[in-house]
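Now for the letters of each chain:
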Amino acid sequence: MKPVRVKPVRTVTSLAFAFERTAVHERGSDSHYEDPSYYAATYADRTADLDYYLGLACEVDVPVLEYGCGNGRIALPLAHAGVRVTGVDRSRPMLDDLRRQLRRAPAGVRERVRLRQGDMRAVRFRERFGLVLCTFNTFLHLYTRADVERYLARVTSHLARGGKFVVDVSVPSAAELARSPSRTYRVRPFRHAGTGEVVRYGERFDYDPMTQVLKVDMMFESRDRPRHKWVTPLCHRQFFPQELEALFHYNGLTVVDVHPDFTREPVTPDARTLVYHAKLRGGPRR
Ligand SMILES: C[S@@+](CC[C@H](N)C(=O)[O-])C[C@H]1O[C@@H](n2cnc3c(N)ncnc32)[C@H](O)[C@@H]1O
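### Some thoughts on the nonpolar core
By size, the foremost hydrophobic cluster in this structure holds 54 residues, and its most contacted members are Val64, Ala75, Leu78, Val132, Leu133, Phe165 and Val166. Viewed by domain, this core spans two of them, domain 1 (23–171 + 239–280) and domain 2 (174–237), each represented by three or more residues. Sequence-distant contacts of leucine 133, defined by excluding residues within four places in its chain, comprise Tyr53, Val64, Glu66, Tyr67 and Val166.

The following block contains the structure:
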């Protein structure tokens, strides 16, 4: 029988260029947190997650490690409620703002809060925690698989046996990711909490389906000084639910519960945010 000639299949040897953390990601990870007063005013009405984390921390009553504590929107009320909190964040302006708030807080609250400026993929503590939190989409600042692996290695090394890692992330929305990057989504002018000026504001969304990173450009223009305008970029990696569960699984964690939108209800397809509760798979890691 004549041998069958098989045509060699062309293989793609490297897609690495598409999956590296870039300078755009770094800017999109930091810029939104350079003005803590604007940040605090923008999210002042966001209370469902705070109530959820307060309930959870008081229920388990153990010291908490919060990654991405920012300027303390969650860490500070936890400390006021009697919880010991260790906060990690890489933004100096956010941590300086939290330190300012702590200086005005009662001594007991100050004593319950310990802060560390650093990257959550690298910061190490000697102890383990019964509750490790990664709040308000902080996880979406992990853009690559290497980012996720480095970070989850830190999580598993800081999680006590029987302890919980709880992380909330927005669910990617097909309709929102399909928005045209050339369209600006505007809202009514408002007074900017940081500068005090009335600003015109719009957002542009640019989703890269290869890296799964959504870049949001927040565009500000002073109403009274039209040439005074600036853009704040924010980059969020999009994690699809099954992908995130797999990343936890292959990095030493088991998802034990998922809650939608900071409720204890069953998950439905229209959930906007998922809160994952995960535990160590097997014993604690070294
Ligand atoms: C959306 S804010 C959440 C702040 C606060 N937990 C809250 O709920 O308001 C995300 C925080 O994660 C921090 N962050 C982003 N990437 C980080 C990293 N690689 N390591 C440590 N902190 C990071 C930012 O500086 C920012 O303060």
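### A word on helix H1 (residues 23–30)
The set of residues buried in H1 consists of His25, Gly28 and Ser29. All buried residues of H1 lie within an arc of 100° about the axis, which places them on one face of the element.

### A short note on the sheet that holds strand S3 (residues 113–117)
With respect to topology, seven strands assemble into an open sheet ordered S3-S2-S1-S4-S5-S11-S10, the strand pairing being mixed. Two strands in the sheet have a free side with no partner beyond their single neighbour: S3 and strand S10 (253–260). Each neighbouring strand pair of the sheet contributes to a mean axis angle of 20°, computed without reference to strand direction. Pairing of S10 with strand S11 (residues 273–280) involves seven bridges; the strand directions are antiparallel.

### Some points on the site of the ligand
Taken together, 21 residues form the shell around the ligand, and within it Gly68, Gly70, Arg73, Ser91 and Phe136 come nearest. Residues that form the shell around the ligand fall into these classes: eight nonpolar, eight polar and five charged.

### Considering the sheet that holds strand S9 (residues 229–237)
Taken in spatial order, the four strands line up as S6-S7-S8-S9 in an open sheet, and their pairing is antiparallel. In the strand order of this sheet, the two ends are held by strand S6 (185–191) and S9, each with one partner. The mean angle between the axes of side-by-side strands here comes to 25°, regardless of whether they run parallel or antiparallel. Sheet analysis places strand S7 (residues 198–208) next to strand S8 (residues 213–222), joined by 10 bridges and oriented antiparallel. When the bridges of S8 are listed, phenylalanine 205 appears paired with valine 216. Of the strands in this sheet, S8 and S9 are in contact with H1, which crosses S9 at around 105°.

### Focus: the domain arrangement of the protein chain
If you check the domain split of the protein chain, you get domain 1 (23–171 + 239–280) and domain 2 (174–237). Computed over C-alpha atoms only, the centres of domain 1 and domain 2 are separated by 25 Å. Taken together, the 16 residues of domain 1 in the interface contact 12 residues of domain 2. Broken down by secondary-structure element, the contributors of at least two residues to the side of domain 1 that touches domain 2 are H1 and helix H2 (36–42). Ranked by residues supplied to the side of domain 1 that touches domain 2, first place goes to H1 with five residues.

### Brief notes about the environment of histidine 192
With respect to the helices, strands and loops of the structure, histidine 192 is situated in the loop between S6 and S7. Residue classification places histidine 192 among the partly exposed positions, given that 18 C-beta atoms sit within 10 Å. Between the C-alpha atoms of histidine 192 and tyrosine 38, which are 154 residues apart in sequence, the distance is 6.8 Å. Once residues within four sequence positions are removed from consideration, histidine 192 is found in contact with Tyr38, Glu197, Val199 and Phe220.

### Here we look at the pairing of strand S2 (residues 85–89)
In terms of burial, S2 is largely enclosed, as five of its five residues are buried. Side chains of S2 alternate between two faces, with Val85, Gly87 and Asp89 and Thr86 and Val88 buried alike. One ladder, built from four bridges, connects strand S1 (residues 64–67) with S2; its direction is parallel. Paired with leucine 65 across the strands is threonine 86, a residue of S2. With helix H4 (residues 75–80) bridging S1 and the parallel S2, this β-α-β connection has right-handed handedness. Bridge analysis of S2 against S3 gives five bridges, and the strand direction is parallel. Opposite glycine 87, over in S3, you have leucine 115 as the bridge partner.

### Thoughts on unusual backbone geometry
Phi is positive for aspartate 61, which is not a glycine, with a value near 55°. Counting through the fold element by element, aspartate 61 comes out in the loop between helix H3 (48–60) and S1. The residue phenylalanine 262 is not glycine, and still its phi comes out positive at about 60°. Along the chain, the position of phenylalanine 262 falls in the loop between S10 and S11. Residue classification places phenylalanine 262 among the partly exposed residues on the basis of 19 C-beta atoms within 10 Å.

Basis of the calculations
- Residues numbered from 1 in each chain as written.
- Predicted model: local features only at pLDDT ≥ 70, side-chain atom pairs only at ≥ 80, totals over all residues.
- Core = buried A, V, L, I, M, F, W, Y, C linked by C-beta atoms within 7 Å.
- Buried ≥ 20, exposed ≤ 12 C-beta atoms within 10 Å, placed from the backbone.
- Domains from an automatic or database assignment.
- Contact = placed C-beta atoms within 7 Å.
- Helix = DSSP H or I, 4+ residues; strand = E, 2+ residues; numbered from the N terminus.
- Arc of directions from axis to C-beta.
- Pairing = 2+ DSSP bridges.
- Axes fitted to C-alpha atoms, helices over the stretch in contact; angles between N-to-C directions.
- Near = placed C-beta within 6 Å.
- Nonpolar A, V, L, I, M, F, W, Y, C, P; charged D, E, K, R; others polar.
- Right-handed = clockwise from strand over helix to strand, strands pointing away.

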